[in-house]
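Listed below, chain by chain, are the residues.
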Amino acid sequence: MAESVTVQAPVSSRIESIDMVRGIAIMLMVVGHSYDYLSYEAAAVMGKASPLPLAMLNVNVTTVFVFFNRWFTHSGAPIFLFLAGVGAYLWAHKGGVQRSLGGFLIPRGLLLIALQLVRTVMQLFTSEYPASLDVLWSIGMSMILLSFFSKLPRNMLLLMSVAILAGHGLPALYGFPGEGHVIWRIFMTADTFGFVGGTSIFNRFPVIPWFGMMLLGYATGHLFLLPLKKRMSVFLFLGLSLIFVWLVLRGANVYGYQPLWQEYPETWKTVASFVNISKYPPSVYFSLVALGTIFIFFFLIDYFSLRCQFLISIGSTSLFIYIVHLPLCKIIAVGLSKILNKMYWPIAKNVYFSLPMSYFIALIALICIYPISRYYLNIKIKYKRFKIFSYL
């Protein structure tokens, strides 16, 4: 990824394959969250261990369906972070002239942080699960950080991003003396903080590890401007290489700061132990698999010339859809509970369904999300003079 790589032409419009990959992330997120929060099987697992998201991947307490459903659907965050970095690069170099990112990223970052704080406060009072600092917090803070680092040379940014993604877990592994400090716990580790009235907040997305993902997206953004054939070969090479490195490192049990994999009497548990790669915070294994998958997605989309208006639409409004998808799933759950004559209190408690029903809820939500995204796109176009719509 040297500085001398030839770039095709200045970006003049959105790259549809980027929106398609975002759309894939939205689909995975809706399916995953519907199952995580609305299936009684997942609820039973989450009642056995804490923090809640980690319980579903805890081989000792989870089930095969809960584990692999969670594993296959929890890749939305790295896609959003990585492509936010790519998008920032493309915006900064739009028209062939490099533009400053401060005015572009900082307002968006502050808005995302504000939205996260509102959501977290609502969780404290309306959810039966502990409140959390989720991906909006991490994306917002990462955008603000990127606005300050973006003027550094590309190769330096690439080295920084790789160092963060591969090495942010080393201090914990070797006993860094300052790891108990509150600043370290907020920005470097996934940790739970006590709050008023006996409540707690789980910092699921510590800023620095996820900033490395966005920084890598920015540092590799120029690859999306390469000629098509060159771009496909580069993406295929990167995707396969990253997956291969993960398999070698994980198979050797030589690096990483989550538990080493081990054999179990049940075959599925052995497989689950091998692929159980920490997302909170993202281990080097998780980053390798996520990034490898992202590059392979782009290769396949370009190779087969895939264009899906459904994915493009929901991907181009990903933040808005992220905000509305959980309330939409709960509204659908309320409707189903009424039809099925289940007692339900929609504010403080939850209602649980079987595995097929949770997937059915996700399907209905996705069907509803498409016209919602189209309607919102029309609003953005009609009222584009209002900057708030460009942020969402």
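Labelled according to an unreviewed UniProt entry, the protein appears under the name Membrane protein, originating from Desulfomicrobium macestii.

Visitor: Can you lay out the pattern of salt bridges for me, pointing to particular residues and giving the numbers?
Guide: Applying the stated criterion across every chain, the model contains 8 salt bridges. In this structure, Lys269 and Glu266 form a salt bridge, with 3.9 Å as the shortest nitrogen-oxygen distance. Residue Lys269 is classed as buried on the basis of its relative accessible area of 16%. Judged by relative accessible area, Glu266 falls into the partly exposed class, the value being 34%. Where salt bridges share partners, they join Arg119, Asp134 and Arg204 into one cluster.

Visitor: Outline the side chain of Ser313, listing residues and values.
Guide: Considering the arrangement of structural elements, one finds Ser313 in helix α15 (residues 309-316). With residues near it in sequence (within four places) discarded, Ser313 still touches Tyr370, Ser373, Arg374 and Leu377.

Visitor: Break down the packing of aromatic side chains for me, with residues and values.
Guide: Describing an aromatic ring pair means giving the distance of the ring centres and the angle of the ring planes. Tallying each qualifying case throughout the model produces 21 aromatic pairs. Measuring from centroid to centroid gives 5.1 Å for Trp71 and Phe72, while their planes differ by 85 degrees, and the two rings are edge-to-face. Assessed through its relative accessible area of 17%, Trp71 is described here as buried. Grouped by ring-pair contacts, the aromatic residues Phe82, Phe224, Phe235, Phe295 and Phe298 constitute a single cluster.

Visitor: Describe the sheet that holds strand β2 (residues 191-194), and please don't skip the residues or the numbers.
Guide: A sheet is described by the order of its strands in space; here 3 strands give the open sequence β1-β3-β2, paired in mixed fashion. Two strands in the sheet have a free side with no partner beyond their single neighbour: β1 (131-133) and β2. Here the strands of the sheet are splayed against their neighbours by 30 degrees on average, with no regard to which way each runs. Relative to strand β3 (residues 200-203), β1 is paired through 3 bridges, and the arrangement is parallel. Bridge pairing in β3 places Leu133 opposite Asn203.

Visitor: Please set out the pairing of β3 residue by residue, giving values where relevant.
Guide: In terms of strand pairing, β2 meets β3 through 4 bridges, oriented antiparallel. The residue bridging Phe193 from the neighbouring strand is Ile201, located in β3.

Visitor: Please give an account of a nonpolar patch on the surface that cites residues and values.
Guide: Taken together, the side chains of Leu300, Tyr303, Phe304 and Leu306 define a hydrophobic patch exposed on the protein surface, amounting to about 390 Å² of accessible area. Tracing the chain through its elements places Leu306 in the loop between α14 (284-303) and α15.

Visitor: Please set out the environment of Ser142 residue by residue, giving values where relevant.
Guide: Among the structural elements, Ser142 can be located in helix α7 (residues 135-149). For Ser142, a relative accessible area of 0% puts it in the buried group. Expressed as a C-alpha distance, the spacing of Ser142 and Gly212, which sit 70 residues apart in the sequence, is 8.5 Å. Excluding residues that lie within four positions of it along the chain, Ser142 makes contacts with Leu81, Val207, Trp210, Phe211 and Met214.

Visitor: Please give an account of the environment of Arg70 that cites residues and values.
Guide: Looking at the element boundaries, Arg70 is found in helix α4 (residues 64-73). What makes Arg70 buried here is its relative accessible area of 5%. Once the C-alpha coordinates of Arg70 and Met29 are considered, the two residues, 41 residues apart in sequence, prove to be 9.8 Å apart. Within the structure, Arg70 has its side chain in polar contact with the side chain of Asp36 (distance 2.8 Å).

Conventions used here
- Residues numbered from 1 in each chain as written.
- Predicted model: local features only at pLDDT ≥ 70, side-chain atom pairs only at ≥ 80, totals over all residues.
- Heavy atoms only, no water.
- Salt bridge = Lys/Arg side-chain N within 4 Å of Asp/Glu carboxyl O.
- Buried < 20%, exposed > 50% of the residue type's maximum accessible area, 1.4 Å probe, protein only.
- Helix = DSSP H or I, 4+ residues; strand = E, 2+ residues; numbered from the N terminus.
- Contact = heavy atoms within 4.5 Å.
- Phe/Tyr/Trp six-rings, centres within 6.5 Å; stacked < 30°, edge-to-face > 60°.
- Pairing = 2+ DSSP bridges.
- Axes fitted to C-alpha atoms, helices over the stretch in contact; angles between N-to-C directions.
- Patch = residues over 30% accessible without salt bridge, like charges linked within 9 Å, V, L, I, M, F, W, Y side chains within 5 Å.
- Areas by Shrake-Rupley, 256 points an atom, 1.4 Å probe, with all protein chains shown as cover.
- Polar contact = N/O pair within 3.5 Å; in protein donor to acceptor, adjacent residues only side chain to side chain.

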